[in-house]
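Chain residues, written in single-letter form:
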Amino acid sequence: GLSGGAYTMQLSTASIASNYSTKIYDGDVVVRVAAGGIEKAAPGTSVVDGVFWGCKYVSVATGDTRFSRMWPGGDAQSGSVEAYIIDDPFAIFEVQATTGPITAADVGANVQFTVGTGNDYTQMSGASVGSPAVTATLPFRVVSVNIFGSDVTSAYNRVRVVFNNQAYRQLTGI
């Protein structure tokens with residue numbers, strides 16, 4: 001099993017540029033950018049910073065402070081966007097396989113994420129994970145496949161992953 005320490009979720013805050021027009025959904029992978037703050041990550045072997053959990057911003061349209069599980073890609077007063085990201089290096093995420101199945105033989109292998117289409121109604125990400133590999137710099141590692149209600153012999157099964165190539169897990173500093 002994966003029993004362990006107390007659940008902390010270790011939410012950190014970061015900014016999003018108010019003119020950043022790409023939507024970021026709850027569950028999307030994010031990276032820090034040179035200008036400061038975060039943006040939605042693209043699949044690759046770059047270091048990821050965390051998983052987006054939501055944000056707070058002041059709406060241009062209403063002047064109200066809004067709390068949202070997604071960044072809508074606009075409608076924020078300049079400098080007002082505060083994002084919440086899960087960046088606990090020991091966080092465990094449940095995610096669907098892009099194709100699959102990912103089986104018990106794949107536990108310990110690394111996986112790439114894919115950017116799917118998020119849902120504006122549920123505000124949930126469409127991200128998933130791809131085929132397991134031994135590439136050391138892939139962002140996630142499979143730690144469990146036997147999840148209640150998920151058929152481990154079928155495509156698109158659910159798996160649990162942890163960060164593999166994440167900012168707090170890097171051995172080299174700046």
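In this text the structure is predicted, and so the values were computed from the model without any measurement.

1. A word on the pairing of strand E2 (residues 29–32)
No. 1: The pairing of E2 with strand E4 (residues 50–58) spans two bridges and is classified as antiparallel. Bridged to Val 29 within E4 is Val 51.
No. 2: When E2 meets strand E3 (residues 38–40), the two strands line up antiparallel, connected through three bridges. Note that in E3 the partner of Val 30 across the bridge is Lys 40.
No. 3: Hairpin connection from E2 to E3: five residues lie between these consecutive antiparallel strands, with Gly 36 at a positive phi of about 100°.

2. Remarks on the environment of Thr 65
No. 1: Here Thr 65 is to be found in strand E5 (residues 65–68).
No. 2: Given the relative accessible area of 47%, Thr 65 is considered partly exposed.
No. 3: For the pair formed by Thr 65 and Ala 76, sequence separation is eleven residues and the distance between their alpha carbons is 9.3 Å.
No. 4: Setting aside residues no more than four positions away along its own chain, Thr 65 makes contact with Lys 56, Tyr 57 and Val 58.

3. Examining the pairing of strand E1 (residues 11–15)
Put simply, side chains in a regular strand alternate between the two faces of the sheet.
No. 1: Side chains Ser 12 and Ala 14 of E1 all project onto a buried face; the interleaved residues Leu 11, Thr 13 and Ser 15 project onto a face where none is buried.
No. 2: The pairing of E1 with strand E6 (residues 82–86) spans five bridges and is antiparallel. Within the sheet, the bridge partner assigned to Ser 15 lies in E6 and is Glu 82.

4. Quick notes on empty space enclosed by the protein
No. 1: On inspection of all chains with the given rule, the structure shows one cavity of 30 Å³ or more.
No. 2: One number sums up the size of the largest cavity: a volume of about 30 Å³.
No. 3: Lining the largest cavity are Asp 28, Val 29, Lys 40, Ala 41, Phe 113, Thr 114, Val 115 and Ala 127.
No. 4: Taken together, the residues of the lining of the largest cavity break down into five nonpolar, one polar and two charged.

5. Focus: the packing of aromatic side chains
No. 1: Per the counting criterion, the structure on display carries five aromatic pairs.
No. 2: Taking the centre distance of 5.2 Å and the plane angle of 75° together, the rings of Phe 93 and Phe 163 count as edge-to-face. Here Phe 163 lies in strand E12 (residues 158–163) and Phe 93 lies in strand E7 (residues 92–96), a separation of 70 residues in the sequence.
No. 3: Judged by its relative accessible area of 1%, Phe 163 is buried.
No. 4: Ring plane angle 85° and centroid distance 6.5 Å describe the contact between Phe 113 and Phe 140, whose orientation is recorded as edge-to-face. With Phe 113 in strand E9 (residues 113–114) and Phe 140 in strand E11 (residues 140–144), this pair connects stretches of sequence that are 27 residues apart. As far as the burial class goes, Phe 113 and Phe 140 line up, both buried.

The rules behind these values
- Residues numbered from 1 in each chain as written.
- Predicted model: local features only at pLDDT ≥ 70, side-chain atom pairs only at ≥ 80, totals over all residues.
- Heavy atoms only, no water.
- Pairing = 2+ DSSP bridges.
- Helix = DSSP H or I, 4+ residues; strand = E, 2+ residues; numbered from the N terminus.
- Buried < 20%, exposed > 50% of the residue type's maximum accessible area, 1.4 Å probe, protein only.
- Contact = heavy atoms within 4.5 Å.
- 1 Å grid on protein atoms, 1.4 Å probe; cavity = no way out; pocket = protein on both sides within 12 Å on 5 of 7 lines; lining within 4 Å.
- Points joined across faces, edges and corners; volume = space filled by probe spheres on them.
- Nonpolar A, V, L, I, M, F, W, Y, C, P; charged D, E, K, R; others polar.
- Phe/Tyr/Trp six-rings, centres within 6.5 Å; stacked < 30°, edge-to-face > 60°.

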